[in-house]
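Residues per chain, in single letters:
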Amino acid sequence: MIKIGIPRALFYFRYGEFWQHFFRNLGYEIVVSPSTNKQILEQGLKYVSSEICLPVKIICGHIEVLKNQVDAIFLPRFVELNHGLYTCPKMIGIVDIAQIQVGNACEILSPKIKDNFMLAHFQTGLKLTGNPIKVIKALNRAIPYLSHHKKLSNSEDHKQRILLLSHFYNLWDDFIGKDIINSFQSCGFDIATKEDLPDKVLKSDKGFAKNIRWVYERELYNAFQYYSDKVAGICNIISFGCGPDSLIGEIMSKQANEYKTPFLQLIIDEHTSKTGINTRIEAFSEIINRNYQSKPYLTK
Amino acid sequence: MKVAFPYFGYDTIALKNFLEMLGAEVVLPPLPTERTLSLGTKYSPELICLPFKITLGNFIEALEAGADTLFMAAGARKCRFGYYHFIQETILKQIDNNVDFYPISQYTPFEFIFQKMPKIFSVSPARVMKSINFLLAHSRLIENFRKLVRQARVIDFTLASIHEKHALEIIADAINLMQIRKARKEIKALFNFADDLPENIIKVGLVGEIYLMLEPFANHDIEKELGKMGVLVLNNRSLYRHIKHLLHIDFDRIKLNHRAYKYLKESPGGEALNTVGEARTFIKNGVDGIIHIFPFTCMPENIALEALQKMSDDYSVPILSLSIDEHTSKIGLLTRLEAFIDILKRVKNQKAVSRVPRSSLLTPH
Ligand code: SF4
Ligand code: SF4
C-alpha cells in the first residue's frame, strides 16, 4: 500500500485534519510527522539559509523526517486563495526547496492551488486512484473537517482578554506557540485569536484591508481591526525574516498606537528562549494593567 | 511642482529625462551616501528589506533639497515591494505634511498612460506615449553603455573611469531620439579600445534582486570593484528590460522562465525566476562563476538561493551568495569577493572543475 506522508507543519495546522481524512477515505496509509522538536528543527536548519523564517525551517525538518519512510510527501503548492490573493513567496517556493531536498528519496505530491482548492484535491485523488466517484465521496466525507479551527477561549467572563495575532502555523505549533500562550495565561489573560472570528470578518475587504493582497495578512489585519477596541492588548508574533509580517505588522503597530491599544511585537527565531519570551510578556502585562486601570470598560 | 524619485543606478538619468519630457521640474536628491542609509534606517521598520531603507533615505534627502512631489513605483503582488509606498507615505507625511506622494503602479500601463500621467502633469496621452518611447530608447542607450564600460574596465580601469564620466555627460545631454543615435556612436567610439578581450579572462555572471543589481550604492559598487580585479562582469538586468517586461514586450523572459523551470516550477514573486534563468544561461555560455546578490531576508531570492546551490552542484560552477543589509561592510565584502575570484582563478588554471563546498560560500555577511 502506498504510504503518504504529511509534514506536521505550515499548512497542516489549517488543512491537516481534512487531508488525513481525505487520503484515509481513499484508502491510503497516512504518516504524519511527529510534533516539532529540537532535532526536527535542527534537521531543517541544514537545508535552508539562515535568513529564512522559522516555519519554513521547521517544515524542512519535517520533510527530512518523512522522506525515507514514505512513498510520497503531500505538499500542495498554495499560490492563490480567495480570488486572487497570494500566499507568500516562501509558501510558493517551499515545494521547490523540498524537491531539491528529497531528491530521489520519495515523490512530492504537490497539486498547484490557484483559487481551485477542491478541484486541485480532486485531481490529486483522481491521479492516485483513477476513480472519480471514489474521490468525490472521499472529498465529501472529509469536507466537514475543513472548518475545524482550534479555539483557546470561549469565555464571556470578566477576565482580561488579549489578542494573539499570528499565523496559524506559529500559534498552533506547540514548539513555537505553546510557551507564548502559557505565558499569557499564567499572567491571567484570556486569549483571543483570529480563528475565533467568522470567515466573513476575516475575509472582508473594507478599508485598508483591500490593499492587502496576501491572504493571511488580510486575515490578521481584519482580526486586528475587529478586536482593537475589544481587547486589553495585542501581541503580534512575527518570525524573523518574514516579509509580509514585517510590513503589515508595522502598519498594525502604527494604528494600535493611534488607538492607544497596547501592542507587543514578539520576534521569534530558532534562538528565541522561553525565559526571554516570559520576561517580555510579563513586562507587557504590566503595561496592560496600568492601561486597564484607567479604562476598566475593556473587560469585554 | 518639484518632482523627486529614488535613485535607480545609472538609469536615474533616463527617468529624470522622462519626467522632464512630461514637463516636470525634477529635483534629484544628493547621491546616496552613508547619511542616506542611516536616515532611511532610522525611520524604517526594523525588519524591512534594504531597498526600502535606501529609497526612504533618498526621499528624505529630496525633501531637504526642496522637492514637494514624490514618485514611487508600486503595485502589490507576491512580494513586499508593492507595499513599500503605504508605509513610506505615512513616514514622509509625518516629516513633511505638505508633501504630495504618488505611488505609480507598475502593472497597469494603460492607466499610467491614459489617466495617471495626464492627470498629474496635465499632458495628453500621446505625449506620455512619446515620452515612454523616448524612455525606452534612452534606457537602451544606458544598457549599451554599461555593457561597454564593463568590458573597458577589464582592459584599462583608469581609462575606463575617465571615459565613463564623459559618456555619462553625453547620455544626460541626449534629449531626443536623434541625439540618442548620435550619443550611441560617440560612446562606442569612446570605448573602442576594449573591443577585443583577452581569451583567458575570468567571467562572472551577476544575478539577484534588481535594485541591488542596478544601484551601485546598494551593491557597494560591485561591478567596478570586480572590474578593478580584472574580472569581466555580465549583468543582464536593466531598466530597459524591466520596462519592456512591464509593457509585455520582453520576449526573452519566456526563455528565461523556461530555463528556470528545471529548478522553480512556479514564480515565487520578485525576480527569482529571472535570477535562476539568467544564472543557467550564463553557465551555458561558459562563465567561471556566478555572484548572487540580494537584500538580507529577501524572500524570492532566498528561494532562488536554494535553486542556485543545486545548480552549482549540477554544473560544477562556483556560486557566491551575497546578502546585503545596512550593516554590510565594504571591506568585508571585498575580502569575500577576492577570495571567490581566487577560487575561480584556481579552478580555471587547473582546468579541472572542482566543487566549492557550500559552507565556505554561505557565511552570512
Ligand atoms: S508569511 Fe512569513 S512566516 Fe509565513 S512563510 Fe511567509 S515569510 Fe514565512
Ligand atoms: S524582492 Fe526582496 S528586496 Fe524586493 S521587496 Fe521582495 S523581499 Fe524585498
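Residues numbered from 1 in each chain as written. Chains lettered and ligands numbered in written order. Predicted model: local features only at pLDDT ≥ 70, side-chain atom pairs only at ≥ 80, totals over all residues. Heavy atoms only, no water.

### Observations concerning the overall build of chain B
Basically, it comes down to this: Helix and strand definitions follow DSSP, with helices as H or I runs of at least four residues and strands as E runs of at least two, each counted in order from the N terminus. Both definitions apply: the radius of gyration is a C-alpha atom measure, and the globule rule equals 2.2 Å times residues to the power 0.38. Accessible area is worked out with a 1.4 Å probe on protein chains only. A residue is then buried under 20% of its type maximum, exposed over 50%, and partly exposed in between. Values of accessible area rely on a 1.4 Å probe in the Shrake-Rupley scheme; residue burial ignores everything except the protein chains shown. Charge convention: Lys and Arg are scored as positive, Asp and Glu as negative, and His as well as the terminal groups of each chain are ignored. In plain terms, the charge of a residue is placed at NZ if it is Lys, CZ if Arg, CG if Asp and CD if Glu.
Of the regular secondary structure elements, chain B holds 16 helices and eight strands. Its C-alpha radius of gyration of 20 Å places chain B within 12% of the 21 Å reference for a compact globule of 365 residues. By residue count, 58% of the 365 residues in chain B fall in the buried class. Approximately 15600 Å² of chain B is accessible, and the part contributed by carbon and sulfur atoms is 55%. Taken as two groups, the 46 positive and 40 negative side-chain charges of chain B have centres that lie 6 Å from each other.

### A look at the site of ligand 1
All names here are of chain A. Just so we agree on the cut-off: Being near a molecule or strand, for a residue, comes down to having at least one heavy atom within 4 Å of it. In the cavity and pocket records, a cavity denotes points on a 1 Å grid over the protein atoms alone where a 1.4 Å probe fits but cannot get out, a pocket denotes an open set with protein on both sides within 12 Å along at least 5 of 7 lines, and lining residues are residues with an atom within 4 Å of a point. Occupancy of a cavity or pocket is assigned to a molecule whenever over half of its atoms lie within 2 Å of that pocket's grid points. Residue polarity follows a fixed list, in which Ala, Val, Leu, Ile, Met, Phe, Trp, Tyr, Cys and Pro are nonpolar, Asp, Glu, Lys and Arg are charged, and the others, Gly among them, are polar. Where each domain begins and ends is defined by an automated method or by a domain database.
Contacts to ligand 1 come from Cys53, Pro55, Cys88, Lys90, Met91, His167, Tyr169, Cys242 and Gly243. More than half of the atoms of ligand 1 fall within 2 Å of the grid points belonging to the largest cavity. Partitioning the shell around ligand 1 into residue classes produces six nonpolar, two polar and one charged. A domain split of the shell around ligand 1 shows at least three residues from each of domain 1 (3-147) and domain 2 (160-298).

### Focus: the interface of chain A and chain B
Applied cut-off: Two residues qualify as a contact provided that any one of their heavy atoms is within 4.5 Å of a heavy atom in the partner residue. Buried area is calculated as the accessible area (1.4 Å probe) missing from two parts once they are joined, with the contributions of both summed. The salt bridge criterion pairs a side-chain nitrogen of Lys or Arg with a carboxyl oxygen of Asp or Glu, the two atoms within 4 Å. Under the rule applied, a polar contact is a pair of N or O atoms within 3.5 Å (in protein, one hydrogen donor and one hydrogen acceptor; residues adjacent in sequence only if both atoms are side-chain atoms).
Counting residues at the interface gives 37 residues for chain A, matched by 36 residues for chain B. Both sides of the chain A and chain B interface together cover about 3000 Å² of buried area, and 70% of this is carbon and sulfur. Linking chain A with chain B are two salt bridges. Across the pair B:Glu266 and A:Lys114 runs a salt bridge, and its minimum N-O distance is 3.4 Å. For the pair chain A and chain B, the number of links is eleven residue pairs in polar contact (both at pLDDT 80 or more). Those elements that provide at least two residues to the side of chain A that touches chain B are β4 (77-81), α4 (89-102), β7 (112-114) and α11 (243-259) of chain A. Ranked by the residues each element gives to the side of chain A that touches chain B, the list is headed by α4(A), at eight residues. The class makeup of the residues in the side of chain A that touches chain B is 21 nonpolar, six polar and ten charged.

### Describing helix α5 (residues 109-121) of chain B
All names here are of chain B. Stated formally: Consider a residue and the seven residues that end there alongside the seven that start there; fitting an axis to each set, the bend is the angle between those axes.
At Gln115, α5 is bent by approximately 30°, the largest bend along its length, and proline Pro118 sits one to four residues beyond. Along α5, the residues classified as buried are Pro109, Phe112, Ile113, Met117, Pro118, Ile120 and Phe121. In the core, the buried residues of α5 are packed alongside β1 (2-4), α1 (12-21), β3 (69-74), β4 (100-105), α6 (125-155) and α11 (239-246). Of the residues one or two after α5, Ser122 is the one with positive phi, at around 45°.

### Focus: the domain arrangement of chain B
Residue and element names in this part refer to chain B. When cut into domains, chain B gives domain 1 (2-106), domain 2 (122-197) and domain 3 (201-352). Relative placement of domain 1 and domain 3: their C-alpha centres are 26 Å apart. Each partner contributes to the interface: domain 1 provides 24 residues, whereas domain 3 provides 27 residues. Of the roughly 2000 Å² buried where domain 1 meets domain 3, counting both sides, 68% is carbon and sulfur surface. When residues of domain 1 are sorted by the area they lose upon contact with domain 3, Phe8, Leu50 and Lys78 head the list and together hold 28% of the total. In this structure, Lys53 engages Glu326 in a salt bridge whose closest nitrogen and oxygen atoms are separated by 2.9 Å.

### Describing the confidence of the model for chain B
To keep it simple, the criterion reads: Here pLDDT means the predictor's own confidence in every residue, given as a number from 0 to 100.
For chain B, the average pLDDT comes to 92, and 96% of its residues sit at 70 or higher. No element of chain B has a lower mean pLDDT than helix α16 (residues 358-361) of chain B, which averages 47, and none a higher one than strand β7 (residues 289-295) of chain B, which averages 97.

### Some remarks on the nonpolar core
Stated formally: Put simply, buried Ala, Val, Leu, Ile, Met, Phe, Trp, Tyr and Cys residues joined by side-chain atoms within 4.5 Å make one nonpolar core.
Counting residues in hydrophobic clusters, the biggest one holds 98 residues, and the most contacted among them are A:Phe11, A:Phe23, A:Leu164, A:Phe184 and B:Ile290. Beyond its immediate stretch of four places on either side in the chain, A:Leu164 contacts A:Leu171, A:Ile180, A:Ile181, A:Phe184, A:Ile191, A:Ala192, A:Thr193, A:Lys194, A:Cys235 and A:Ile237. Core analysis: the second largest hydrophobic core is formed by 73 residues, B:Ile171, B:Leu212, B:Ile324 and B:Leu344 among them.

### Here we look at the site of ligand 2
Close to ligand 2 lie B:Cys49, B:Pro51, B:Cys79, B:Arg80, B:Phe81, B:Tyr84, B:Glu209, B:Pro295, B:Cys298, B:Met299 and B:Pro300. A domain-level breakdown of the shell around ligand 2 finds at least three residues from each of domain 1 (2-106) and domain 3 (201-352) of chain B.

### Remarks on the sheet that holds β4(A)
Residues and elements named next belong to chain A. So the rule is basically this: Paired strands are those between which DSSP finds at least two bridges.
The strand order across the open sheet formed by three strands is β5-β4-β7, and the pairing between neighbours is mixed. If you trace the sheet from one side to the other, it starts and ends with β5 (85-86) and β7, each paired once. Two strands pair when backbone bridges link them, and β4 and β5 are joined in this way by two bridges, in the antiparallel orientation. Bridge pairing links Leu81 to Leu85 in β5.

### Some points on unusual backbone geometry
All names here are of chain A. A positive phi is found at His83, a non-glycine position, where the angle reads about 60°. Structurally, the position occupied by His83 is in the loop between β4 and β5. A relative accessible area of 77% means that His83 is categorised as exposed. The residue Lys260 is not glycine, and still its phi comes out positive at about 60°. Take Lys260: it is sitting in the loop between α11 and β11 (263-268). Note on Lys260: relative accessible area 60%, which makes it exposed.

### Thoughts on the packing of helix α10 (residues 215-227) of chain A against α11(A)
Residues and elements named next belong to chain A. Going by this rule: For helices, the fitted line uses only the C-alpha atoms of the stretch in contact; every axis is such a line through C-alpha atoms, and the angle between N-to-C directions lies from 0 to 180 degrees. Comment on the angle field: the value is read as roughly parallel under 35 degrees, roughly antiparallel over 145, roughly perpendicular from 65 to 115, and oblique elsewhere.
Contact geometry of α10 with α11 gives a least axis separation of 11 Å together with a crossing angle of 10°. On the basis of their axis angle, the class for α10 and α11 is roughly parallel. Along the contact surface, α10 presents Glu217, Leu220, Tyr221, Phe224 and Gln225, while α11 presents Pro244, Asp245, Ile248, Ile251, Met252, Gln255, Ala256 and Tyr259. For the contact of α10 with α11, the residue count by class is nine nonpolar, two polar and two charged.

### Considerations on empty space enclosed by the protein
Our working definition: Grid points are joined across faces, edges and corners, and a volume is the space filled by probe spheres set on the points.
All chains considered together, the criterion is met by five cavities of 30 Å³ or more. What the largest cavity holds in volume is close to 140 Å³. Taken together, 18 residues make up the lining of the largest cavity; nearest its centre are A:Cys88, A:Met91, A:His167, A:Tyr169 and A:Cys242. Breaking the lining of the largest cavity down by element, the ones donating at least two residues are α3 (54-67), α4, α10 and α11 of chain A. In this structure, the lining of the largest cavity is formed jointly by two domains, domain 1 (3-147) and domain 2 (160-298) of chain A, each of which donates at least three residues. Lining the second largest cavity, in full, are B:Tyr10, B:Arg146, B:Arg153, B:Met213, B:Leu214, B:Pro216, B:Asn219, B:Asp221, B:Ile222 and B:Glu223. Of all elements in the fold, only α6, α9 (210-214) and α10 (222-228) of chain B reach the threshold of two or more residues within the lining of the second largest cavity.

### A short note on the pattern of salt bridges
The tally for this structure, following the rule as stated, stands at 31 salt bridges over all chains. Across the pair B:Asp250 and B:Arg241 runs a salt bridge, and its minimum N-O distance is 3.9 Å. Members of the salt-bridge network, linked through shared partners, are A:Arg14, A:Lys194, A:Glu195 and A:Glu219.

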